[in-house]
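Given next are the chains, with one letter for each unit.
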Amino acid sequence: MLASAAWVLRRSVGGALAGAVGWTVAMGASRVMADLQVETGPELEMAFSGGVAGLFLGSVAGLLERRAVKALAGAAAGLAGGAAGGWLAAGVLDLQFAYTYVLALALMWSVGGAVLGLVLGGVERSWPQAGAGGVAGLLGGVRGAAVGAQLYLAINFETRHVTWTVSRLSEMLEGGALGAGLWCSLSLARRVVLEWRRA
């Protein structure tokens, strides 16, 4: 039991670190594109951000397990799922209500997480792991993105003087919460399937 908890915790921490770095890089790249006046619509901008962050988030399990094929497959799945989710989520940003940003990110990472979970289960050549991974990725992506977006909004709207440092820190926390939530769910699902197959 303790070994399983440590296994899940290790992947959750890895996800938090990957999410923090990936989301900060994605947001930084978006700002550079805006500064260079690169013409992108909201769909392309959100797809780009989701894809870049997904690239980092997807490689976690493969890097921790030192399996190059799994790291590359995860990175590709994260890139594709994050980009597809971002493209779909851009339409939500047009809605005018209080939690538009939270809903858009939750949609982005429900798609990104589901694709990632399905592909990582496929790499293991296990239909139960692929199915459980897809559901866990969807739920974990929604949970992590919702918590991360709330943290980001709370810091940026409740802080009296938002400096460059505070803004970057809020982005890192947002990505970290996303990665931790996503990878906690993915890891728990994989562990449950493994234990079920042993029983």
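Note: the structure precedes this text.
None of the values given here were measured: they were computed from a predicted structure.

Basis of the calculations
Residues numbered from 1 in each chain as written. Predicted model: local features only at pLDDT ≥ 70, side-chain atom pairs only at ≥ 80, totals over all residues. Heavy atoms only, no water. Core = buried A, V, L, I, M, F, W, Y, C linked by side-chain atoms within 4.5 Å. Buried < 20%, exposed > 50% of the residue type's maximum accessible area, 1.4 Å probe, protein only. Helix = DSSP H or I, 4+ residues; strand = E, 2+ residues; numbered from the N terminus. Contact = heavy atoms within 4.5 Å. Axes fitted to C-alpha atoms, helices over the stretch in contact; angles between N-to-C directions. Parallel < 35°, antiparallel > 145°, perpendicular 65-115°, else oblique. Left-handed = near helix turned anticlockwise from the far one by under 90°. Nonpolar A, V, L, I, M, F, W, Y, C, P; charged D, E, K, R; others polar. Phe/Tyr/Trp six-rings, centres within 6.5 Å; stacked < 30°, edge-to-face > 60°. Lys NZ or Arg CZ within 6 Å of the ring centre and 35° of its normal.

Asker: Any details on the nonpolar core? Residues and values, ideally.
Answerer: Membership of the largest hydrophobic core comes to 28 residues, with the highest contact counts inside it found for Trp23, Leu57, Met108, Trp109, Leu116 and Trp183. When residues in this core are grouped by element, the largest group, seven residues, is from helix H5 (residues 100-123). Aside from chain neighbours lying at most four places away, what touches Trp23 is Ser49, Ala53, Tyr101, Leu105, Met108, Trp109, Glu171, Glu174 and Gly175.

Asker: Hey, could you go over the packing of helix H4 (residues 68-89) against H5 for me, with residue numbers and the actual values?
Answerer: In a packed pair of helices, the relevant descriptors are the angle between the two axes and the axis-to-axis distance. Look at H4 against H5: their axes get within 7 Å of each other, and the N-to-C directions meet at 155°. Here H4 is positioned roughly antiparallel relative to H5, judged by the angle of their axes. Crossing of H4 over H5 shows right-handed handedness. Residues Lys70, Ala73, Gly74, Ala77, Gly78, Gly81, Gly82, Ala84, Gly85, Gly86, Leu88 and Ala89 of H4 pack against Ala104, Leu107, Met108, Trp109, Val111, Gly112, Val115, Leu116, Val119, Leu120 and Val123 of H5. In terms of residue class, the contact of H4 with H5 is built from 15 nonpolar, seven polar and one charged.

Asker: Pulling in residues and values, what's your account of the packing of aromatic side chains?
Answerer: The tally for this structure, following the rule as stated, stands at one aromatic pair. With a centroid separation of 5.7 Å and an interplanar angle of 40°, the aromatic rings of Tyr101 and Tyr152 are classed as tilted. One end of the pair, Tyr101, is in helix H5; the other, Tyr152, is in helix H6 (residues 127-158), and 51 residues separate them in sequence. Between Arg191 and the ring centre of Trp7, over which it is positioned, the NZ or CZ distance is 4.7 Å.

Asker: Let's hear about the packing of H5 against H6: which residues, and what values?
Answerer: Running from N to C, H5 and H6 cross one another at 150°; their axes reach a closest spacing of 6 Å. When the interaxial angle is binned, H5 and H6 end up roughly antiparallel. The hand of the H5/H6 crossing is right-handed. In terms of residue class, the contact of H5 with H6 is made up of 15 nonpolar, 11 polar and no charged.

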